[in-house]
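# Descriptive analysis of the structure
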Amino acid sequence: MRETAYLLLDLTEFSVRGLLLLKLFKEQLSYKKAFQKWGFLMIWGQYLLIQLMISETMIIDRLLYGDDQTMDQSIKTVPYVLISAAFSFIFIHLIMEGKSAVKLYLIVTFYALLGLCRFLCFTLSQPFLNAYISYLSDGLIEGEITLARFHSLVEVVQFGWNAVIAIGSCTLLFLFLRWYCKHLHSVKGQYTGTELAYLMLPPLTGLIFCTFLRNILYSQDGATIRYLFEDFKGSGFLVAFMTLLLLFLVAASVLTFESMVKRQEEKSRLAIYENQMQDLMQHIKDVESLYDSIRGMSHDMKNNLYAMEVLLQDGSKEQDARQYLKRMQDDLSALELPVETGNPITDVVIGRVYRTCQKEDIDFECRFVFPKREGYSVFDICILLNNALDNALEACSKLSKEKEDRKIKVTSYEKGNFFFIEIENGFGGTLRLGKSGDFLSTKEDAENHGLGIGNMERCVRKYYGRVELVPKDGYFVTKMMLQSQNERRQQYESNDTDVK
């Protein structure tokens, strides 16, 4: 009966721990395609199996200690923790996507928190156990209870104490992990190697502290048993304080990191807004320049017409009149927008790029047409065009003028509810990739550049779309997909009607 009760308690505790391990990892990582269906069960099953082999069988004991399987020193429990952590890491590494460093960080965090929670519950409950055992011993000495009754009550109390530690540590671990995962999820995938080291330092310290406690908690030499809490009065309070302090440090590290990431995001967001304002000011300047030219031409028109009349009256100056008329036509042509996209604002944006390409001797081909469907902001479309075309101009300007791939091509088309923009340009063939696979700016001051892509991604997200950057045969292709906000809104309304 006693063995069955302890087995059920262990099964329950190990099952809950396995679920909590999965909770931590599922918040940060995803399963590989081959393990989408059974990955959850495989990780949970291996954890449960390893824990049962450690606590309920002698297999691992024999492998570690041979015939000497007496647990006479608490240090002998350390290899069990390492074995469990190693198997968990191996299975998770095989079954889940993600960097090995992230998986190692999460494994260290889980086993550190598990050890700290167990030692905290162990330390806090120890005085109550000792007090009750002393009470029963006094009753035995005074003859109030029999020896058989004493042993029976001690067994019940010990089981209850183990149950309190199991339930208490699992509950505390669950509450801490739920809070920890909530804050860690907000910065999911946004940490580098240095940031991982910063996050791992407190859990690693906690794991080392738990290992140290396992080394000195108790030892037995013949009939002499040395127990930390009995040999050093007040050590229980010190251990409880240290475990609480380390738990606080683990919590503080993720809070500090979350705050740092949010500040960086806010800084990037402000930089993007500033970049958008610069785009808007450029649009305004282009329109003002066009308007000033038209107003100036209108102001000079009377003088020009009078000069033409004088020249035509003098029959000998017909050739001069023709040349004067040709100059007037050239001036008027300069006011015309070189492209027609179906929207006057995008005409100005692409027209500016067209003129720049003419000056820089860059071939420019435009097949862009503003979408006919409603639900697209011309300001957002201009942000996409401006940033993508500026990047294309910069890439082409770095190529020698003799190269044939010194060209830019802009196309757009509508397909169903979607609007696509593609910009193809030649480039030097040199790309910088970040650790996450993103393209980085090749400028020296990269921290203050590369915001154009951020602008574009922010815009397409408003339209439930995406940006793709694809190097292809000496050219760089920027693909943007957007869905009309009106169409998206109608889909939601239709779904709501179906639900009702």
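Residues numbered from 1 in each chain as written. Predicted model: local features only at pLDDT ≥ 70, side-chain atom pairs only at ≥ 80, totals over all residues. Heavy atoms only, no water.

### Notes on the overall build of the protein
A tally of regular secondary structure across the protein gives 14 helices and 9 strands. Per-residue burial over the protein gives 38% buried out of 500 residues. Once local pairs closer than 6 in sequence are excluded, the contacts in the protein between residues at least 24 apart make up 70%. On the protein, roughly 29,100 Å² of surface is accessible, and the fraction owed to carbon and sulfur atoms is 58%. (Helix = DSSP H or I, 4+ residues; strand = E, 2+ residues; numbered from the N terminus. Buried < 20%, exposed > 50% of the residue type's maximum accessible area, 1.4 Å probe, protein only. Contact = heavy atoms within 4.5 Å. Areas by Shrake-Rupley, 256 points an atom, 1.4 Å probe, with all protein chains shown as cover.)

### A few points about the packing of aromatic side chains
Applying the stated rule across the entire model yields 14 aromatic pairs. Each ring, one from Phe122 and one from Trp161, has its centre 5.3 Å from the other, and the planes form 50°; the classification is tilted. Of this pair, Phe122 sits in helix 5 (residues 100-141) while Trp161 sits in helix 6 (residues 147-185), and the two are 39 residues apart along the sequence. Taken as a pair, Phe122 and Trp161 share a single burial class, namely buried. Each ring, one from Phe418 and one from Phe420, has its centre 6.4 Å from the other, and the planes form 45°; the classification is tilted. Using a relative accessible area of 17% as the deciding quantity, one classes Phe420 as buried. (Phe/Tyr/Trp six-rings, centres within 6.5 Å; stacked < 30°, edge-to-face > 60°.)

### Some remarks on the sheet that holds strand 8 (residues 466-472)
The 5 strands are arranged 3-4-5-9-8 in an open sheet whose pairing can be described as mixed. Here the strands that pair on one side only, and so sit at the sheet edges, are strand 3 (363-367) and strand 8. Geometrically, the sheet is characterised by an average inter-axis angle of 15° between neighbouring strands, direction not taken into account. As paired strands, strand 5 (residues 418-426) and strand 9 (residues 475-483) are joined by 9 bridges and run antiparallel to one another. Bridged to Ile421 within strand 9 is Met480. (Pairing = 2+ DSSP bridges. Axes fitted to C-alpha atoms, helices over the stretch in contact; angles between N-to-C directions.)

### A short note on the pattern of salt bridges
Tallied over the full model, the rule gives 8 salt bridges. Lys262 is paired through a salt bridge with Glu258; the nearest N and O atoms lie 3.6 Å apart. With Lys262 and Glu258 both in helix 9 (residues 235-313) and 4 residues apart, this pair spans about one turn of that helix. Overall, the relative accessible area of 47% leaves Lys262 in the partly exposed class. For Glu258, a relative accessible area of 9% corresponds to the buried category. (Salt bridge = Lys/Arg side-chain N within 4 Å of Asp/Glu carboxyl O.)

### A few points about the packing of helix 1 (residues 2-26) against helix 6
Each packed pair of helices is defined by two parameters, the angle between the axes and the distance between the axes. At their nearest, the axes of helix 1 and helix 6 sit 10 Å apart, and the two run at 10° to each other. Compared by their axis directions, helix 1 and helix 6 come out roughly parallel. Considering only residue class, the contact of helix 1 with helix 6 consists of 15 nonpolar, 3 polar and 6 charged. (Parallel < 35°, antiparallel > 145°, perpendicular 65-115°, else oblique. Nonpolar A, V, L, I, M, F, W, Y, C, P; charged D, E, K, R; others polar.)

### Focus: the environment of Phe119
By the secondary structure assignment, Phe119 is in helix 5. In the structure, Phe119 is positioned 121 residues away from Ala240 in sequence and 7.6 Å away in space, judged by C-alpha atoms. Non-local contacts of Phe119, meaning those with residues more than four positions away in its chain, are made with Cys210, Leu213, Arg214, Leu217 and Thr243.

### Quick notes on the layout of surface pockets
What the second largest pocket holds in volume is close to 1,800 Å³. What lines the second largest pocket is a set of 45 residues, and nearest its centre among them are Thr77, Arg118, Asn162, Arg214 and Tyr218. Residue assignment for the lining of the second largest pocket shows that the elements contributing at least two residues are helix 1, helix 2 (39-56), helix 4 (78-95), helix 5, helix 6 and helix 7 (193-216). Looking at the lining of the second largest pocket, the element that brings in the most residues is helix 5, giving 10 residues. Split by residue class, the lining of the second largest pocket holds 25 nonpolar, 13 polar and 7 charged. (1 Å grid on protein atoms, 1.4 Å probe; cavity = no way out; pocket = protein on both sides within 12 Å on 5 of 7 lines; lining within 4 Å. Points joined across faces, edges and corners; volume = space filled by probe spheres on them.)

### As for helix 2
Given a rise of 1.5 Å per residue, 18 residues ought to cover 26 Å, and the 25 Å separating the end C-alpha atoms of helix 2 matches this to within 8%. Turning to helix 2, its buried residues number three or more, namely Gly39, Ile43, Gln46, Tyr47, Leu48, Ile50, Gln51, Leu52 and Ile54. (Expected span 1.5 Å × (residues − 1).)

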